[in-house]
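Breakdown of the fold
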Amino acid sequence: MAKILVVDDEEHIRLLYSEELRDAGYEVITADSGYKLLERIEEEKPDLVILDIKMVDYDGLDLLQDIRSRFYDLPVILSTAYDTFKEDSKSIAADYYVVKSFDLTELKKKIAMALETHLPG
């Protein structure tokens, strides 16, 4: 069972993603900010990170750079309410980019694709 770390400052998003992804067969852990995120990744060893870009105290794109420098092969899906960040050069370090929606079909597809290419067969 793949472990997914959901990082989002909005509680309803964390709850929605957790419930939907658990139903889809994933183990889900959450974080409400980027505070000590690298330490959390080190401890929990998630197979994939879903990272919000716009958080109150943290910039997800900066966190993405930090994740890439320490865990270069950890799949990261950027999740945001704004598709304008897709053009940001920092966002190309992410494996996938998903615009938030209450229909998680697209997100689940991207998770499956990211895990397929990163998990040992």
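Quick caveat, the model's predicted, so the values are computed rather than measured.

1. Looking at the UniProt feature "modified residue: 4-aspartylphosphate" (unreviewed entry) in the protein chain
- Per the UniProt record, "modified residue: 4-aspartylphosphate" (unreviewed entry) is found at D52.
- Tracing the sequence through the fold places D52 in strand 3 (residues 48-52).
- Sequence-distant contacts of D52, defined by excluding residues within four places in its chain, comprise V7, D8, D9, G60, S79, T80 and K100.

2. Points about the side chain of K3
- Topologically, K3 is positioned in strand 1 (residues 3-7).
- Look past the residues within four positions of K3 in its chain and what remains in contact with it is E27, I29, E44, K45, P46, D47 and L48.

3. Notes on the pattern of salt bridges
- This model, assessed by the stated rule, comprises 10 salt bridges.
- Ionic pairing is found between K100 and D8, a salt bridge with its closest N-O pair at 2.8 Å. Of this pair, K100 sits in the loop between strand 5 (96-99) and helix 4 (105-118) while D8 sits in the loop between strand 1 and helix 1 (11-23), and the two are 92 residues apart along the sequence. Neither K100 nor D8 differs from the other in exposure class; each is buried.
- Through salt bridges with shared partners, one network takes in D8, E10, D52 and K100.

4. Topic: the sheet that holds strand 5
- Pairing is parallel across the open sheet formed by five strands, whose spatial order is 2-1-3-4-5. Each having just a single partner strand, strand 2 (27-31) and strand 5 make up the two edges of the open sheet. Taking the axes of each pair of neighbouring strands and ignoring which way they run, one obtains an average angle of 20 degrees across the sheet.
- Across four bridges, strand 1 lies against strand 3 in parallel orientation. The residue of strand 3 that forms the bridge with I4 is L48.

5. Observations concerning helix 4
- With 14 residues, helix 4 should reach 20 Å at 1.5 Å per residue; the first-to-last C-alpha distance of 20 Å fits that figure.
- Among all positions in helix 4, only L107, K110, I111, A114 and L115 are buried. Projected down its long axis, helix 4 shows its buried positions confined to an angular sector of 125 degrees, all on one face. Within helix 4, the exposed residues directed more than 90 degrees away from the buried face are E116 and T117.

6. Digging into the packing of helix 2 (residues 37-44) against helix 3 (residues 60-70)
- Following both chains from N to C, one finds helix 2 and helix 3 inclined at 45 degrees, their axes separated by 10 Å at the closest point. With respect to each other, helix 2 and helix 3 are oriented oblique. Handedness of the crossing formed by helix 2 with helix 3: right-handed. Along its contact with helix 2, which presents L37, L38, I41 and E42, the element helix 3 presents L63, D66, I67 and R70.
- The residue inventory of the contact of helix 2 with helix 3, partitioned by class, reads five nonpolar, no polar and three charged.

Rules used in this analysis
Residues numbered from 1 in each chain as written. Predicted model: local features only at pLDDT ≥ 70, side-chain atom pairs only at ≥ 80, totals over all residues. Heavy atoms only, no water. UniProt positions renumbered as here; feature names shortened; annotations may be inferred. Helix = DSSP H or I, 4+ residues; strand = E, 2+ residues; numbered from the N terminus. Contact = heavy atoms within 4.5 Å. Salt bridge = Lys/Arg side-chain N within 4 Å of Asp/Glu carboxyl O. Buried < 20%, exposed > 50% of the residue type's maximum accessible area, 1.4 Å probe, protein only. Pairing = 2+ DSSP bridges. Axes fitted to C-alpha atoms, helices over the stretch in contact; angles between N-to-C directions. Expected span 1.5 Å × (residues − 1). Arc of directions from axis to C-beta. Parallel < 35°, antiparallel > 145°, perpendicular 65-115°, else oblique. Left-handed = near helix turned anticlockwise from the far one by under 90°. Nonpolar A, V, L, I, M, F, W, Y, C, P; charged D, E, K, R; others polar.

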